[in-house]
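Examining the three-dimensional arrangement
The chain contents come next:
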Amino acid sequence: MTPAGLWSHAVMDRREFFRTLGGVVVLLTAEPLEAQQGSGASQAAPRDIAAWLHIGEDNVTTVFTGKVEVGQDIRTSLAQAVAEELHAPVSSIRLVMGDTDRVPFDMGTFGSRTTPFMAPQLRRAAAAMRQVLAELAAERWGCSPEAVTIEAGLVKGPAGKTATFSELTKGQRILKEIGESTPLARPEHWKTLGSSVPKANGVALVTGRHEFPSDIRLPGMLYGKVLRPPAFGATLVSADPSQAERIPGVTVVREGNFIGAAAPDEATASQAVAAIRAEWKLTPQPRAAELFDYLKKNPAPMEGFGGASRHVVGDVSQGLAAADHQLRQSYTVAYIAHAPLEPRAAVAHWENGKLTVWTGTQRPFGVRSELARAFGVSETQVRVIVPDTGSGYGGKHAGDAAIEAARLARAAGKPVKVVWTREEEFTWAYFRPAGVIEVTSGVRRDGIVTAWEFHNYNSGPAAIRTPYAIEHQHIEFHPARSPLRQGSYRALAATANHFARETHMDELAALVGMDPLEFRLKNSKDPRLRAVLAAAAEKFGWSRRQKASGTGFGVAAGFEKGGYVATCAEVSVDRTSGAVRVVRVVEAFECGAIVNPDHLRSQVEGCIVMGLGGALFEAIEFEDGRILNPRFSNYRVPRFSDLPQIEVVLLDRKDLPPAGGGETPIVGIAPAVGNAVFGAVGVRLRALPLVPHGLKT
Amino acid sequence: MIELHVNGKTYTTGAPSERPLLGVLRDELGLTGTKYGCGEGVCGACTVLVDGRAVRSCVTPLRAVVGRAITTIEGLAPKDRLHPVQEAFLEAGAMQCGYCTPGMILSAVALLSRHPDPGIAEIVRFMDGNICRCGVYSRIIAAIRSAAAKMRRTV
Ligand code: FES
Ligand code: FES
């Protein structure tokens, strides 16, 4: 059995395989994880092994994980995690990621779950590996394992004896299975974790040597193109491929609504699909102008995650009665696009009935299931390999490109590559949900919020609960039928919910004439929330800074996925032109013990920049089932010239387990900027994007 | 047949002369370090150097580069060595997914060849056509400034 076929075999065979590998293998057997949120279709798959490590004869430790690298730097942080417990240099750790034939099942890389869940599992496996090495050394040197120490990859025993890992593992066939209770190094003793280890494959990236999914090439490979419908909801009535088929080397494939072509080069493939004469039947699609009304009037019955949720404490009507002021406002967020710089791409290859697909996805096993279903083969006949990908931001969960490439490859009898154009990526991927949020609240003259009723239509339930201590609450998520295809986005609906909540809190502060920072502190009992607020305000100089005319300050704070964030923004507004410029952003972030300070800082900076796009100007425009701005020339994303001065304050809580940091830092920027615009010119903005065409006053 | 001079080597292609350079580099010559991001000249992912100037290869027809020296990311530095700009990007941690990185680096090299000591405003102006969706702009600016300092010291 080769490693490639490993995971398609029964559990017992697999154990047998590990034994034949030689060296030392550590398997971590884990309890099944609870259903993970945000993945779309969830699978009931065997989770007998959660992670495995192998030390061969070359001193390299290989780690096998189903997580994928899309720019969040987990290839580095997971190597750090293993190095920490193994007492080995990071450079001796190699990760095999996202290859469904070689790595244990994993639900997917999303929801900031790698750091809190995968890293501890790998650390346990590494700690057990260290123990095995100590025992091997003890046996060889005739001492007790306690007399053996391991430092920087070198095993040391009594009387100056030393050995490398491979000297000890040579000729061994050890398989060790461990559970989840293996103890781990405490953060205050960390040597490798907690330090800014440089990016794992940085050199390959700066030299262009790294092969992204869209860079994969196979011998004899063809290029595929799909004929896209003219609008969402269109069905293919008839197609005449005869002209296209006359082009040399072209294979046209039609299956149901799918019609596409494969050709020896991309230009010919494009030419071929353009030559297909197709007739489509259009169906009426909701209009953009009635979007928010539509979402409120079209509830969707959904179960589980993404389904309706309701959280009630106390009695809002009592809370309102106890208030001196009541406020009712509604907030909206637009559909926006992830627009990863690398569009969806896949290379598919059929060989003896087995399908191998290289593709950029955050759910290799999910895409494997999609492929198996699409082609009526068993999952063991499908291998999905995910090379480190040109980002995802929650946008690469589905396997569309993989299925398209596989369909064309099967018909053509050759490997086929499909790379979506930017226009396809903007149109046929999925969007961050649009939504309407209605808030009704009551506040006492002294600044205590007494009632909080919060209804979110369609945008999602993530971070929907308020972190503030409010006696009477009613918080509800109402799923709706979305006119456009929608899905996960960095931090999911936490951005929309924070935008509504933190804007509304600002409105309440203004209503009682209180400083927005003081108002938040007054209503917050959570020490971690208070700590990030204080840290951001201090660095920003909230109470000291002088405001120039036309400039304003805004603050926002929140909590999600184990991370606390507070953001202060300074904007300047040109009243004549309406131009709004974000001048400075200070963000404090705390997600427990910090794993890699430099990479965390980079994630926070990236979240601020990406968040600025959704805050200020990003919006998908649509009509009649068509996207009107499917290009970078008419869908504006943040550029160098949009960059504010950014200052990041990281709070390191060595007493708390690490949480992920690639998502939550995005949630504060939109409300902080909106609140700063109010501070500057007294105009309250309640829709995202805030100023797609400048500020109209 | 069209002759192309890429990274010091001569290649011939049978592609029509109006075809954009990008696809030929990637699919025919196997130089996949040059990336596709938009196909309309507005993201910078496909940037290459033509006679030292930054050019968007997705909107540059082959006929425009005949007889000129094309440098892609693969040819920026001799094998096993790094250009100071590449080093600076690594040192500044100026990438996350790294997909924009080749285009960023080549644009930066073109900028520094004309302005050995650019200020922030100049960098922003020159680089504004390059998108980094991961948003590591401030680190890229820092990398360009430190590369500039390093290169001035060594000339
Ligand atoms: S791909 Fe050429 S500029 Fe975007
Ligand atoms: S690092 Fe991902 S696009 Fe720039």
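Residues numbered from 1 in each chain as written. Chains lettered and ligands numbered in written order. Predicted model: local features only at pLDDT ≥ 70, side-chain atom pairs only at ≥ 80, totals over all residues. Heavy atoms only, no water.

**Considering the overall build of chain B**
Across its full length, chain B carries five helices and five strands. The linear arrangement of helices and strands in chain B, starting from the amino end, is β-β-α-β-β-β-α-α-α-α. Relative to its length of 155 residues, chain B is compact, with a C-alpha radius of gyration of 15 Å against a globular reference of 15 Å. Once the C-alpha set of chain B is aligned to its principal axes, its extents read approximately 45 × 30 × 25 Å. Across the 155 residues in chain B, those meeting the buried criterion constitute 55%. (Helix = DSSP H or I, 4+ residues; strand = E, 2+ residues; numbered from the N terminus. Rg over C-alpha atoms; globule rule 2.2 N^0.38 Å. Buried < 20%, exposed > 50% of the residue type's maximum accessible area, 1.4 Å probe, protein only.)

**What to know about the overall build of chain A**
Each helix and strand counted, chain A has 17 helices and 29 strands in total. Expected size for 697 residues packed as a compact globule is a radius of gyration near 26 Å; at 27 Å, chain A falls within 12% of this value. Its C-alpha atoms put chain A at 80 × 75 × 45 Å along the principal axes. Within chain A, the fraction of its 697 residues that count as buried is 63%. With the model as given, the accessible surface of chain A reaches about 25,400 Å², and the carbon-plus-sulfur share is 51%. Of the charged side chains in chain A, 77 are positive and 73 negative; the average position of the first set lies 1 Å away from that of the second. (Areas by Shrake-Rupley, 256 points an atom, 1.4 Å probe, with all protein chains shown as cover. Lys, Arg positive; Asp, Glu negative; His and termini not counted. Charge placed at Lys NZ, Arg CZ, Asp CG, Glu CD.)

**A look at the interface of chain B and chain A**
On the side of chain A, 54 residues touch chain B, which itself brings 45 residues to the contact. Interface of chain B and chain A: buried area, both sides summed, is about 4,000 Å²; carbon and sulfur atoms make up 56% of it. Counting every contact that joins chain B to chain A gives six salt bridges. In this structure, A:E605 engages B:R139 in a salt bridge whose closest nitrogen and oxygen atoms are separated by 2.8 Å. Applying the counting criterion to the chain B and chain A interface returns 25 residue pairs in polar contact (both at pLDDT 80 or more). With five residues, the top contributor of residues to the side of chain B that touches chain A is helix α5 (residues 137-154) of chain B. Its residues placed into classes, the side of chain B that touches chain A shows 24 nonpolar, twelve polar and nine charged. (Contact = heavy atoms within 4.5 Å. Buried area = accessible area lost by both parts, 1.4 Å probe. Salt bridge = Lys/Arg side-chain N within 4 Å of Asp/Glu carboxyl O. Polar contact = N/O pair within 3.5 Å; in protein donor to acceptor, adjacent residues only side chain to side chain. Nonpolar A, V, L, I, M, F, W, Y, C, P; charged D, E, K, R; others polar.)

**Here's the deal with the side chain of A:Q603**
One can find A:Q603 in helix α16 (residues 597-616). The class of A:Q603 is buried, set by a relative accessible area of 6%. Polar contacts involving the side chain of A:Q603 include one to the side chain of A:R490, which spans 3.1 Å. A:Q603 has contacts with A:G71, A:Q72, A:R490, A:G661, A:G662 and B:Q96, leaving out every residue within four places of it along the chain.

**Overview of the packing of aromatic side chains**
Residue and element names in this part refer to chain A. This structure, assessed with the given rule, holds 16 aromatic pairs over all chains. An angle of 5 degrees between the planes, with centres 3.8 Å apart, marks the rings of W52 and F64 as stacked. In this pair, W52 is assigned in strand β2 (residues 51-55) and F64 in strand β3 (residues 61-65), connecting sequence segments twelve residues apart. The exposure class assigned to F64 is buried, which follows from its relative accessible area of 5%. (Phe/Tyr/Trp six-rings, centres within 6.5 Å; stacked < 30°, edge-to-face > 60°.)

**Let's talk about the domain arrangement of chain B**
All names here are of chain B. Segmenting chain B into domains produces domain 1 (2-75) and domain 2 (84-153). Domain 1 and domain 2 are separated by 21 Å when their C-alpha centres are compared. At the interface, 17 residues of domain 1 touch 14 residues of domain 2. Remark: the boundary between domain 1 and domain 2 carries zero salt bridges. Our count for the domain 1 to domain 2 interface comes out at four residue pairs in polar contact (both at pLDDT 80 or more). Contributions of two or more residues to the side of domain 1 that touches domain 2 are made by β3 (47-50) and β4 (53-56). (Domains from an automatic or database assignment.)

**Let's talk about the nonpolar core**
Core analysis: the biggest nonpolar cluster contains 184 residues, and A:L371, B:F89 and B:I140 have the highest contact counts within it. With nine residues, α16(A) is the single largest residue contributor to this core. When residues no more than four places from it in sequence are discounted, the contact partners of A:L371 are A:L355, A:V357, A:V382, A:V384, A:A402, A:I403 and A:A406. If you look at the next biggest cluster of nonpolar residues, it comprises 45 residues, including A:L78, A:M129, A:V148 and A:I150. (Core = buried A, V, L, I, M, F, W, Y, C linked by side-chain atoms within 4.5 Å.)

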